[in-house]
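Spelled out from the first residue to the last, the chains are:
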Amino acid sequence: MDFFSNYSELDSRRALSPRSFVLKQIREKVESGKLRSGDQLPSERSLSQLMGVSRVTIRNALSELISEGRLKTFKNSGTIITNPAFDNDILQKENAVVFLADISSPFNLSVDQSSEDSFVFSRLGYEIQKHGYHIFLLNSKQFESNGVFSSKMFPGFSVVVTTPDYTNTKKGFQFLKNLIKEGKSIVMFGYFDKIKGIDSIYSDHKEGAEKITKWMISKGAKKIIHISMSNDINHEYSLWMRDRFSGYMTAMKDAGYEPIEPFWLPATEEAPSPEEFDRYIHLIADYLKDFLSGKNKVDGIMTITDRQAYYVAEACSLSGIKPNEDIFIGGYDNSWNFLPEKNIYSTKFSVTIDKKKELIASKLAEVTIERINKGRQSANSKIVKIDSELVVLQ
């Protein structure tokens, strides 16, 4: 990379400190397109020699550029340019939307409905593109792990669409707060009222869990347990999971029954082989054995997804407990009809919640497009609850 200047040969070097000189050199090369996303920078030693400054100066300058999101350091690949030129015409347009989420589906109408986030963001993206607007998708996990929380990533963007889970970290929370201060619009897929000015389109998870619990109680269930499947050793609840458990507890207490502490099971891959399926069902049955017999026997099990409900139903059958006769099993999301498990397991679970994904996506699109066209008219937020529906399968 012989296009870097040497500080010692610069006539105006007194006007810039060595560190400012390095920053200016790299920024200019990125903005001009001479350095593109994915390009690898020379080592600190080589940059030090090329630019005629110390390695400490190079290291400090690179750290600042990493914090801006222009660079990323990889263990085996060195330092990489991670973003395109900031003066790109598209990035400056006011009719662009940023999706800060973890989705992998294309923006169309035929996306797999078993994944709620992918389904909603895909439908939302389809509507936004149909109106002629640009969309930029940022993976929130990568975005967060890189420590990139600069609004410079969005020089001309008018709207950011994300989920409440992104606010779980202090950095993420502060980043969104700063965007609001800078006049950006944020539309949240999920309930969020911690920052004024953020729009929320959501399904009430607490209310949904209450509906399932009350339905089981109406069928005679008195001992109901709420389980989650995760490989997170810390067993951390996301916001919506806390709401679900809160709804379960409320319904149990209202009926005069004692809530049971939530129970965690190990998770499996979403597309395991038939052999792995079989091993996993046996593993679940083993974990649940104390709740399927004896003094701790329950007559209702609530899970957090329809996929997990299929697993629990099959594990109960394996243990000689008949779902829908000896025990009620609740799922969530009303995605059971789109899951491959439907064709694998003969046992159905009892009940689920339809969160009305299509309606949520439609309302998200409506509010997002309104914010693109009109911006935020005031500090007031649009808080829109989409009513869920109890769906009885048996």
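Residues numbered from 1 in each chain as written. Predicted model: local features only at pLDDT ≥ 70, side-chain atom pairs only at ≥ 80, totals over all residues. Heavy atoms only, no water.

With respect to the overall build of the protein chain
- The helix and strand inventory of the protein chain stands at 13 helices and 14 strands.
- Buried residues in the protein chain amount to 48% of all 394 residues.
- Relative to all contacts within the protein chain whose residues are 6 or more apart in sequence, the contacts with residues 24 or more apart total 71%.
- As displayed, the protein chain offers around 19200 Å² of accessible surface, 46% of which is attributable to carbon and sulfur atoms. (Helix = DSSP H or I, 4+ residues; strand = E, 2+ residues; numbered from the N terminus. Buried < 20%, exposed > 50% of the residue type's maximum accessible area, 1.4 Å probe, protein only. Contact = heavy atoms within 4.5 Å. Areas by Shrake-Rupley, 256 points an atom, 1.4 Å probe, with all protein chains shown as cover.)

Notes on the side chain of Asp 199
- Mapped onto the fold, Asp 199 is located in strand S7 (residues 199-202).
- Residue class for Asp 199 comes out buried when judged on its relative accessible area of 0%.
- Among the polar contacts made by the side chain of Asp 199, one reaches the main-chain amide nitrogen of Lys 382 at a distance of 2.8 Å. (Polar contact = N/O pair within 3.5 Å; in protein donor to acceptor, adjacent residues only side chain to side chain.)

Points about the packing of helix H8 (residues 205-218) against helix H9 (residues 239-254)
- Their axes nearest at 7 Å, the elements H8 and H9 cross at an angle of 35 degrees. Here the hand of the crossing between H8 and H9 comes out right-handed. In this structure, H8 uses His 205, Lys 206, Ala 209, Glu 210, Thr 213, Lys 214 and Ile 217 to contact H9, whose residues at the interface are Trp 240, Asp 243, Arg 244, Ser 246, Gly 247, Tyr 248, Thr 250, Ala 251 and Met 252.
- Class assignment for the residues of the contact of H8 with H9 results in six nonpolar, five polar and five charged. (Axes fitted to C-alpha atoms, helices over the stretch in contact; angles between N-to-C directions. Left-handed = near helix turned anticlockwise from the far one by under 90°. Nonpolar A, V, L, I, M, F, W, Y, C, P; charged D, E, K, R; others polar.)

Some thoughts on the packing of helix H5 (residues 116-130) against helix H13 (residues 357-374)
- Two elements in contact, H5 and H13, have axes whose closest approach is 9 Å; the angle formed by their N-to-C orientations is 40 degrees. By the angle class used here, H5 and H13 are oblique. Handedness of the H5/H13 crossing: right-handed. Taken together, the residues of H13 that come into contact with H5 (itself represented by Glu 116, Phe 119, Val 120, Arg 123, Leu 124, Glu 127 and Ile 128) are Lys 357, Glu 358, Ile 360, Ala 361, Leu 364, Ala 365, Thr 368 and Ile 369.
- Taken together, the residues of the contact of H5 with H13 break down into nine nonpolar, one polar and five charged. (Parallel < 35°, antiparallel > 145°, perpendicular 65-115°, else oblique.)

Description of the packing of aromatic side chains
- Applying the stated criterion across every chain, the model contains nine aromatic pairs.
- Between Phe 263 and Phe 291 the ring centres are 5.0 Å apart and the planes differ by 70 degrees, which places this aromatic pair in the edge-to-face class. With Phe 263 in strand S9 (residues 263-265) and Phe 291 in the loop between helix H10 (274-288) and strand S10 (300-302), this residue pair connects regions lying 28 residues apart in the sequence.
- A relative accessible area of 21% places Phe 263 in the partly exposed class.
- The residue whose ring lies beneath Arg 244 is Tyr 332, and the NZ or CZ to ring-centre distance is 3.4 Å.
- The aromatic ring of Phe 119 is capped on one face by Lys 357, whose charged end is 5.6 Å from the ring centroid. (Phe/Tyr/Trp six-rings, centres within 6.5 Å; stacked < 30°, edge-to-face > 60°. Lys NZ or Arg CZ within 6 Å of the ring centre and 35° of its normal.)

A word on the pattern of salt bridges
- Overall, the coordinates contain 19 salt bridges when judged by the stated rule.
- Between Arg 19 and Glu 64 there is a salt bridge, with the nearest N and O atoms lying 2.2 Å from each other. Placement of Arg 19 in helix H1 (residues 18-32) and of Glu 64 in helix H3 (residues 55-68) is noted, with a sequence separation of 45 residues between them.
- Residue Asp 354 pairs with Lys 356 through a salt bridge whose shortest N-O separation is 3.7 Å.
- A relative accessible area of 14% means that Asp 354 is categorised as buried.
- For Lys 356, a relative accessible area of 24% corresponds to the partly exposed category. (Salt bridge = Lys/Arg side-chain N within 4 Å of Asp/Glu carboxyl O.)

Some details on H5
- Look at H5: 21 Å from first C-alpha to last across 15 residues, which is about the 21 Å you get at 1.5 Å a residue.
- Every buried residue of H5 is accounted for by Glu 116, Ser 118, Phe 119, Val 120, Phe 121, Ser 122, Leu 124, Gly 125 and Ile 128.
- Count one or two residues on from H5 and you reach Gly 132, which has phi positive near 90 degrees. (Expected span 1.5 Å × (residues − 1).)

Distances and angles like these do not, on their own, reveal function.
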